Amino acid sequence: MNKIIQELNGERTARKIPDFNPGDTVVVQVKVVEGDRERVQAYEGVVIAKKNRGLNSSFTVRKISHGEGVERVFQTFSPSISEVSVKRRGAVRRAKLYYLRDLSGKAARIDEKI
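Summarised in this report is the structure supplied together with it. (Residues numbered from 1 in each chain as written. Predicted model: local features only at pLDDT ≥ 70, side-chain atom pairs only at ≥ 80, totals over all residues. Heavy atoms only, no water.)

## Thoughts on the overall build of the chain
Across its full length, the chain holds one helix and five strands. Starting at the N terminus and ending at the C terminus, the chain contains elements arranged as α-β-β-β-β-β. Over its C-alpha atoms, taken along the principal directions, the chain stretches across nearly 50 × 40 × 25 Å. For the chain, the proportion of its 114 residues judged to be buried stands at 28%. Of the contacts formed within the chain by residues at least 6 apart in sequence, a portion of 50% connects residues at least 24 apart. Per element, the accessible surface of the chain, about 8,200 Å² overall, is 48% carbon and sulfur. (Helix = DSSP H or I, 4+ residues; strand = E, 2+ residues; numbered from the N terminus. Buried < 20%, exposed > 50% of the residue type's maximum accessible area, 1.4 Å probe, protein only. Contact = heavy atoms within 4.5 Å. Areas by Shrake-Rupley, 256 points an atom, 1.4 Å probe, with all protein chains shown as cover.)

Structure, rendered in structure tokens:
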């Protein structure tokens, strides 16, 4: 039974995703269905959490939209994600950046990794 599950997970996780970590600024191209049309919408923000669980892997992206913080959790191997690209690398020392929720303005900036 376990071998069957591993085989199914291997088929679905075959898609290549770039290597990114918490603190990185990423652009996620999300497929949006409106009626009978399908288009791609960009969602750009800072990765504040990443969960590596094989097929159940996910990552959380936070952005500021019209002065309000918006977070969205993406399933890493979801068919609704067409592309993930890294815009800049952040220098952080934690795995989960939930403290960014309490910060605003210039205090919420993350230094770029050199």
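After that view, the rundown keeps rolling.
## Considerations on the pattern of salt bridges
According to the stated counting rule, one finds six salt bridges in the structure shown. With a shortest N-O distance of 3.1 Å, Arg39 and Glu34 are connected by a salt bridge. For Arg39, a relative accessible area of 32% translates into the label partly exposed. When salt bridges with common partners are traced through the structure, they connect Arg62, Glu71 and Arg101 into a single cluster. (Salt bridge = Lys/Arg side-chain N within 4 Å of Asp/Glu carboxyl O.)

## Details of the nonpolar core
With twelve residues, the main nonpolar core is built from Ile17, Phe20, Val26, Val28, Val30, Tyr43, Val47, Phe59, Val61, Phe74, Ile81 and Val84. Of all the secondary structure elements, the ones that give two or more residues to this core are strand E1 (25-34), strand E2 (37-51), strand E3 (58-65) and strand E5 (81-88). If one sorts the elements of this core by residue count, E1 sits on top with three residues. Apart from residues no more than four positions distant in its own chain, Val30 is found in contact with Arg39, Val40, Gln41, Arg72, Phe74 and Ser80. With five residues, the next largest nonpolar core counts Ile48, Ala49, Leu100 and Ile110 among its residues. (Core = buried A, V, L, I, M, F, W, Y, C linked by side-chain atoms within 4.5 Å.)

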